[in-house]
Amino acid sequence: MTCGPFTEFDRAAMARAVALAGKGLTTTHPNPRVGCVIARGERIVGEGWHERAGEPHAEIHALRAAGAEASGATAYVTLEPCSHQGRTGPCAEALIAAHVARVVFAVPDPDPRVNGRGAQMLRNAGIEVACGLLERQATELNPGFLKRMRTGRPWVRVKLAMSLDGRTALAGGASRWITGEAAREDVQHWRARSSALLTGIGTMLADDPRLDVRLPAAPAGPRPEPLRVVLDSRLKTPPDARIFCTGGAVLILASQTAAGRDGDFDLRRARLVQHAAVEVLAADGRGRPRLSDVLDLLGRQEVNELWVEAGARLAGAFLEHCLADELLLYVAPKVLGPQARPLLELQEIRELREAPGFAIVEVSRIGEDVRLRLRPSHENGVPAG
């Protein structure tokens, strides 16, 4: 298997495959977003993308479009072709049966059922295999799938919104709206690509959020509704909360500490299980469900990208425990003053060198606001890109 050199056409064809994969950004959960282009020489003869779980993979759509012209052609795929029988057949076998001459893929598939086996199957059939072309761009399409396959946990994206002076609400709690309409619509697009949306009981009781996706249907058809997750140690979520009225599954996560000391816990659980799944997890030092266990549980439920939209305390806990892979920070051109509520609640930092550091990945103007995408920096021991 080689890693180049690649021609300008190779790059253009893989860029087209990346663009095709993006068409499934909100619909493929829990599968990865994958695109495929098939070309003879510098002429594209077939292309396709994976639209949703259980339906044909990108390679199959592209092979069907190419027909007999796939023989002797090059297939450009954003992820290593699969080699296992799942809800659909192995794509590596389909490429072999079509007699393609060359396969170029961007990213190796860390799924234990694949993990190099797809590439080896192709090589064993005499097909030239090359990898690594536009790897960064293809990786950005699937941070959650790739992380879950490697670690068993989802990619954690924490959403924050603040004024210029780092405040999220007035002292009395009023926060609608710090950011403008364009920023709030942008949030909906990020929610739509997420497998699950998570908040805490404080936000539930204060705002009664629907925690849903309010966008038109995707081009590929209806998108799966993200799982809604509430961290609610003592099961205080009201049974008539709006989160239960908008469709889609809800998961309430309580703590063993609360279950053991609260006589009304079982009664509240009985009321909530009529509306949602309820799990009781080990408690952390503050009596809340331990966040590491929360992520392990969601990984087992095939959650790829987790969107955290919570209050200062819970959002701060994800940062303190180094569990946030990415921050989306919306900054509004307003000043709320020192009495307003802070962005995060963190334990006291006594030395500047102890302060968590982040690298700016992207800065975007969203209406009248600015959106920053940030990732833990190298100084924290985590690559920024």
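What you see is a predicted model; the values in this text were computed from it and never measured. (Residues numbered from 1 in each chain as written. Predicted model: local features only at pLDDT ≥ 70, side-chain atom pairs only at ≥ 80, totals over all residues. Heavy atoms only, no water.)

### Quick word on the overall build of the protein
Each helix and strand counted, the protein has 12 helices and 16 strands in total. Taken over the C-alpha trace, the protein has a radius of gyration of 23 Å; the compact-globule value for 385 residues is 21 Å, and the two agree within 12%. Along the three orthogonal principal directions, the C-alpha set of the protein runs to about 70 × 45 × 40 Å. Taking all 385 residues of the protein together, the buried fraction comes to 52%. Within the protein, contacts between residues separated by at least 24 positions form 73% of all contacts whose residues are at least 6 apart in sequence. As displayed, the protein has an accessible area near 17,600 Å², and 51% of this comes from carbon and sulfur atoms. Computed over 49 positive and 46 negative side-chain charges, the separation of the two mean positions in the protein equals 2 Å. (Helix = DSSP H or I, 4+ residues; strand = E, 2+ residues; numbered from the N terminus. Rg over C-alpha atoms; globule rule 2.2 N^0.38 Å. Buried < 20%, exposed > 50% of the residue type's maximum accessible area, 1.4 Å probe, protein only. Contact = heavy atoms within 4.5 Å. Areas by Shrake-Rupley, 256 points an atom, 1.4 Å probe, with all protein chains shown as cover. Lys, Arg positive; Asp, Glu negative; His and termini not counted. Charge placed at Lys NZ, Arg CZ, Asp CG, Glu CD.)

### Section: helix 6 (residues 143-151)
Turn by turn, an α-helix covers 3.6 residues, leaving residues three or four places apart pointing in a common direction. Of all the nine residues making up helix 6, seven are buried; the element is thus mostly covered by neighbouring parts of the structure. All buried positions along helix 6 are accounted for by Pro143, Gly144, Phe145, Leu146, Lys147, Arg148 and Met149. Packed against the buried residues of helix 6 are strand 3 (74-79), strand 4 (102-107), helix 5 (135-141), strand 6 (155-162), helix 11 (291-300) and strand 12 (305-308). At the exit of helix 6 stands Gly152, carrying a positive phi of roughly 85°.

### A closer look at the sheet that holds strand 10 (residues 250-255)
Taking strand neighbours across the sheet as the criterion, the nine strands line up as 11-10-9-8-12-6-13-16-15 in an open arrangement whose pairing is mixed. Two strands in the sheet have a free side with no partner beyond their single neighbour: strand 11 (277-281) and strand 15 (358-366). Direction aside, the axes of adjacent strands within the sheet are offset by 20° on average. Bridging between strand 8 (residues 196-200) and strand 12 involves three bridges; their strand directions are parallel. Looking at the pairing, Ala196 lines up with Leu306 of strand 12. (Pairing = 2+ DSSP bridges. Axes fitted to C-alpha atoms, helices over the stretch in contact; angles between N-to-C directions.)

### Points about the pattern of salt bridges
Going through the model one piece at a time under the given rule, you end up with 29 salt bridges. For Asp10, the salt bridge identified is with Arg102, shortest N-O distance 3.1 Å. Residue Asp10 is located in helix 1 (residues 8-21), and its partner Arg102 is located in strand 4; the two are separated by 92 residues in the primary sequence. Owing to a relative accessible area of 15%, Arg102 belongs among the buried residues under this scheme. Taken together, the shared-partner salt bridges in this structure form one network comprising Arg33, Glu140, Arg157, Asp186, Arg193, Glu305, Glu326, Glu362, Arg371, Arg373 and Arg375. (Salt bridge = Lys/Arg side-chain N within 4 Å of Asp/Glu carboxyl O.)

### Some words on empty space enclosed by the protein
The tally for this structure, following the rule as stated, stands at one cavity of 30 Å³ or more. Computed from the structure, the largest cavity encloses a volume of approximately 140 Å³. As for the largest cavity, its lining consists of 21 residues, and the residues nearest its centre are Leu25, His29, Arg33, Arg193 and Ser195. Its residues placed into classes, the lining of the largest cavity shows seven nonpolar, 10 polar and four charged. (1 Å grid on protein atoms, 1.4 Å probe; cavity = no way out; pocket = protein on both sides within 12 Å on 5 of 7 lines; lining within 4 Å. Points joined across faces, edges and corners; volume = space filled by probe spheres on them. Nonpolar A, V, L, I, M, F, W, Y, C, P; charged D, E, K, R; others polar.)

### A look at the packing of aromatic side chains
What the rule picks out here adds up to one aromatic pair. Of note, Lys23 hangs over the ring of Trp49, and the distance from its end group to the ring centre comes to 5.3 Å. (Phe/Tyr/Trp six-rings, centres within 6.5 Å; stacked < 30°, edge-to-face > 60°. Lys NZ or Arg CZ within 6 Å of the ring centre and 35° of its normal.)

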